[in-house]
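For reference, the chains in residue letters:
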Amino acid sequence: MEPLIQPVSLVEEAAALRAGRPGPEEHVDRVFTRIDRTDPVVRAFVPEPGRHARLTAEALTLADRTAHDAQGPPLYGVAVGIKDIIHVDGLPTHAGSALPPGVLGGPEGGAVRRLRAAGALIAGKTVTAEFAVRAPGPTRNPHDLGHTPGGSSSGSAAAVAAGMVPLALGTQTLGSVIRPAAYCGVVGFRPTYGRIPTDGVIANAPTLDAVGLFTSDLAGARLAAAVLCDGWTPVPQPAREPVLGVPTGAYLDRAQPAARDAYTRHLDGLGLPVRHVDAMPDFEDVMRHLFTINRYELAQVHAELFARFAALYRPETAAAIRRGQEVDRADYLAALAARSGFQRRLADLATDHGIDLWAVPAATGPAPRGLDSTGDAVMSAPWSYAGLPAITLPVGTSAGLPLGLQLVAPANADERLLALAALVQTRAHQ
């Protein structure tokens, strides 16, 4: 069998397709061949009878629609994977569950509509942990099939890492874009809360959920973000090097020793100015408030479905919902108030210390062995709690498995985040 790690450049594929290389039907044949050859092993996509015929029809319709467009839309013909908690017209939504698909239906997600308007083809639904909680799907890490790809956006990360598609959508409530991207050795971008529409997404926790994306490289993330994010305005490449912030204390202590050592060496090797700040002295309280919000909202989202189909939920999901049912509303409101204070604190610390980006590990370590867990989201969780934009870049390996460097920017500074990330990446490769 050919190597599983054969990532495809989104920028290069989009440019070639706009230039007519290859034509629509040949391109669909290639996409289908990539999926058909690799997915039986990686299991990133939800099985779909008739995928080839559907994609061919979509490609021909797109070619007719854009026949008189000399330049072509930015993602013309690009095949995209969509996490199976996001509704797509013509494809059932299972959300990784055994619930009847009919009860999970809904209008197509706004992010999917934006992709279609930009010329993308929907390659299919990608595997998710059940309802984007913790019960893992069957997807395996393309770097080592005995290791988890992470979750809950497991299929999207693995599909991009294995080169089945150059772009895939995921969602993040705690760490479900950043962590699987790091585990699978790809770029994962989680924008500021609300910058990509979440309509048409089966919610996990509505005040935390964000739609994010996976690409093989940073240039692809910038192209996709410009299509997907509200009001995207490109910024010039910054003239000066960014100042990086390192949040010392209990947060960083959650990283495994080998991953922490690799992170420190990488950070030192960048040669960029670094500010060490005790940003989360109340880290355990931050995590407690985060899980209070998450579990309370999860229980509210599933109140009707769980009452009808509790026996069909997997044990991990059912337990999380039951914990949410026990959360007192006063505690939930207090956790929301605490989040506002945490957001202000991070913003003030960045201003006071001249920090452009927080630079932290993307995960506690490389992908754990086994498929019964999706790994620990703790390195992403505080930033998700604050709703801040984050991106992870592949930065080497540990025990032969990928590691990621997570960069976090102030709210709504997504464009600047990706521009500064390019500078960081350039320094990393010098």
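Residues numbered from 1 in each chain as written. Predicted model: local features only at pLDDT ≥ 70, side-chain atom pairs only at ≥ 80, totals over all residues. Heavy atoms only, no water.

### Topic: the overall build of the chain
Now for step 1: Broken down by element type, the chain carries 14 helices and 10 strands.
Now for step 2: A globule of 430 residues ought to have a C-alpha radius of gyration of about 22 Å, and the chain, at 20 Å, matches this closely.
Now for step 3: Summarising its shape, the C-alpha atoms of the chain cover approximately 55 × 55 × 40 Å along the three principal directions.
Now for step 4: For the chain, long-range pairs separated by at least 24 residues make up 80% of all intrachain contacts whose partners lie at least 6 apart in sequence.
Now for step 5: Averaged over its 38 positive side-chain charges, the chain has a centre that lies 1 Å from the centre of its 42 negative ones. (Helix = DSSP H or I, 4+ residues; strand = E, 2+ residues; numbered from the N terminus. Rg over C-alpha atoms; globule rule 2.2 N^0.38 Å. Contact = heavy atoms within 4.5 Å. Lys, Arg positive; Asp, Glu negative; His and termini not counted. Charge placed at Lys NZ, Arg CZ, Asp CG, Glu CD.)

### Let's talk about unusual backbone geometry
Now for step 1: Here the residue pair Arg 21 and Pro 22 is connected by a cis peptide bond, since its omega of -5° sits within 30 degrees of zero.
Now for step 2: Structurally, the position occupied by Pro 22 is in the loop between helix 1 (10–18) and helix 2 (24–42).
Now for step 3: At Ala 95, a residue that is not glycine, the phi angle is positive and equals roughly 55°.
Now for step 4: Its location among the elements puts Ala 95 in the loop between strand 1 (79–83) and helix 4 (110–117).
Now for step 5: Classification of Ala 95 as buried rests on a relative accessible area of 0%. (Buried < 20%, exposed > 50% of the residue type's maximum accessible area, 1.4 Å probe, protein only.)

### What about the side chain of Ser 156?
Now for step 1: Checked against the element boundaries, Ser 156 lands in helix 5 (residues 154–161).
Now for step 2: For Ser 156, a relative accessible area of 0% gives the class buried.
Now for step 3: A polar atom in the side chain of Ser 156 sits 2.7 Å from the side chain of Thr 126.
Now for step 4: Among the polar contacts made by the side chain of Ser 156, one reaches the main-chain carbonyl oxygen of Leu 169 at a distance of 2.6 Å. (Polar contact = N/O pair within 3.5 Å; in protein donor to acceptor, adjacent residues only side chain to side chain.)

### Some remarks on the pattern of salt bridges
Now for step 1: Enumeration according to the criterion identifies 19 salt bridges in this entry.
Now for step 2: Here Arg 34 ties to Glu 13 by a salt bridge, and the two come within 3.4 Å at their closest N and O atoms. Of the two residues, Arg 34 is situated in helix 2 and Glu 13 in helix 1; the sequence distance between them amounts to 21 residues. As far as burial versus exposure is concerned, Arg 34 and Glu 13 are alike and both buried.
Now for step 3: With a shortest N-O distance of 2.6 Å, Asp 282 and Arg 345 are connected by a salt bridge. Pair noted here: Asp 282 is in the loop between strand 7 (274–277) and helix 9 (283–301) and Arg 345 is in helix 12 (residues 329–353), with a separation of 63 residues, a long-range link. (Salt bridge = Lys/Arg side-chain N within 4 Å of Asp/Glu carboxyl O.)

### Regarding the nonpolar core
Now for step 1: One finds Ile 391 and Leu 407 to be the most contacted residues of the largest nonpolar core, which totals 136 residues.
Now for step 2: For this core, the element with the highest residue contribution is helix 9, accounting for eight residues. (Core = buried A, V, L, I, M, F, W, Y, C linked by side-chain atoms within 4.5 Å.)

### Examining the packing of helix 2 against helix 3 (residues 51–65)
Now for step 1: Close contact between helix 2 and helix 3 brings their axes to 9 Å; oriented N to C, the two are set at 150°. By the angle between their axes, helix 2 is roughly antiparallel relative to helix 3. Handedness of the helix 2/helix 3 crossing: right-handed. Between helix 2 and helix 3, the contacting residues are Pro 24, Glu 25, Val 28, Asp 29, Val 31, Phe 32 and Ile 35 on the first element and Arg 51, His 52, Leu 55, Thr 56, Ala 59, Leu 60 and Ala 63 on the second. (Axes fitted to C-alpha atoms, helices over the stretch in contact; angles between N-to-C directions. Parallel < 35°, antiparallel > 145°, perpendicular 65-115°, else oblique. Left-handed = near helix turned anticlockwise from the far one by under 90°.)

### Re helix 14 (residues 414–428)
Now for step 1: Taking 1.5 Å per residue as the helical rise, helix 14 with its 15 residues ought to reach 21 Å, and the 21 Å between its terminal C-alpha atoms agrees with that figure.
Now for step 2: The set of residues buried in helix 14 consists of Asp 414, Glu 415, Leu 417, Leu 418, Ala 419, Leu 420, Ala 421, Ala 422, Val 424 and Arg 427.
Now for step 3: Check the buried side of helix 14 and you find it contacts strand 4 (187–190), helix 7 (218–228), helix 8 (257–270), strand 8 (357–361), strand 9 (390–398) and strand 10 (401–408). (Expected span 1.5 Å × (residues − 1).)

### Quick notes on the environment of Asp 29
Now for step 1: Its location among the elements puts Asp 29 in helix 2.
Now for step 2: Taking the C-alpha atoms as reference points, Asp 29 and Ala 53, 24 residues apart in sequence, are found 9.9 Å from one another.

### Observations regarding the packing of aromatic side chains
Now for step 1: Under the criterion given, the structure shown has seven aromatic pairs.
Now for step 2: Plain terms: the ring middles of Phe 131 and Tyr 313 are 5.3 Å apart, the flat faces sit at 25° to each other, and that makes the pair stacked. Linking Phe 131 in the loop between strand 2 (121–126) and helix 5 with Tyr 313 in the loop between helix 10 (303–309) and helix 11 (315–325), this pair joins segments that are 182 residues apart in sequence.
Now for step 3: Look at Trp 358 and Trp 383: their rings are 5.8 Å apart centre to centre, the planes differ by 35°, and that puts the pair in the tilted class. With Trp 358 in strand 8 and Trp 383 in helix 13 (residues 381–386), this residue pair connects regions lying 25 residues apart in the sequence.
Now for step 4: Overall, the relative accessible area of 3% leaves Trp 358 in the buried class.
Now for step 5: Three or more aromatic residues link up through ring pairs in this structure, and these residues are Tyr 251, Phe 283, Trp 358 and Trp 383. (Phe/Tyr/Trp six-rings, centres within 6.5 Å; stacked < 30°, edge-to-face > 60°.)

### Regarding the pairing of strand 4
Now for step 1: On strand 4, burial covers both faces: Val 187 and Phe 189 on one face and Gly 188 and Arg 190 on the other are all buried.
Now for step 2: Looking at chain direction, strand 4 and strand 5 (residues 210–215) are connected through three bridges and run antiparallel. Within strand 5, the residue paired with Val 187 across the bridge is Thr 215. (Pairing = 2+ DSSP bridges.)

### Some words on the sheet that holds strand 2
Now for step 1: If you walk across this open sheet you meet the 10 strands as 2-1-3-5-4-9-10-8-6-7, and the pairing is mixed. Two strands in the sheet have a free side with no partner beyond their single neighbour: strand 2 and strand 7. Strand-to-strand twist of the sheet, defined as the mean angle between neighbouring strand axes without regard to direction, takes the value 30°.
Now for step 2: Sheet analysis places strand 1 next to strand 3 (residues 167–172), joined by three bridges and oriented parallel. Its bridge partner being in strand 3, Val 80 is matched across the sheet by Leu 167.

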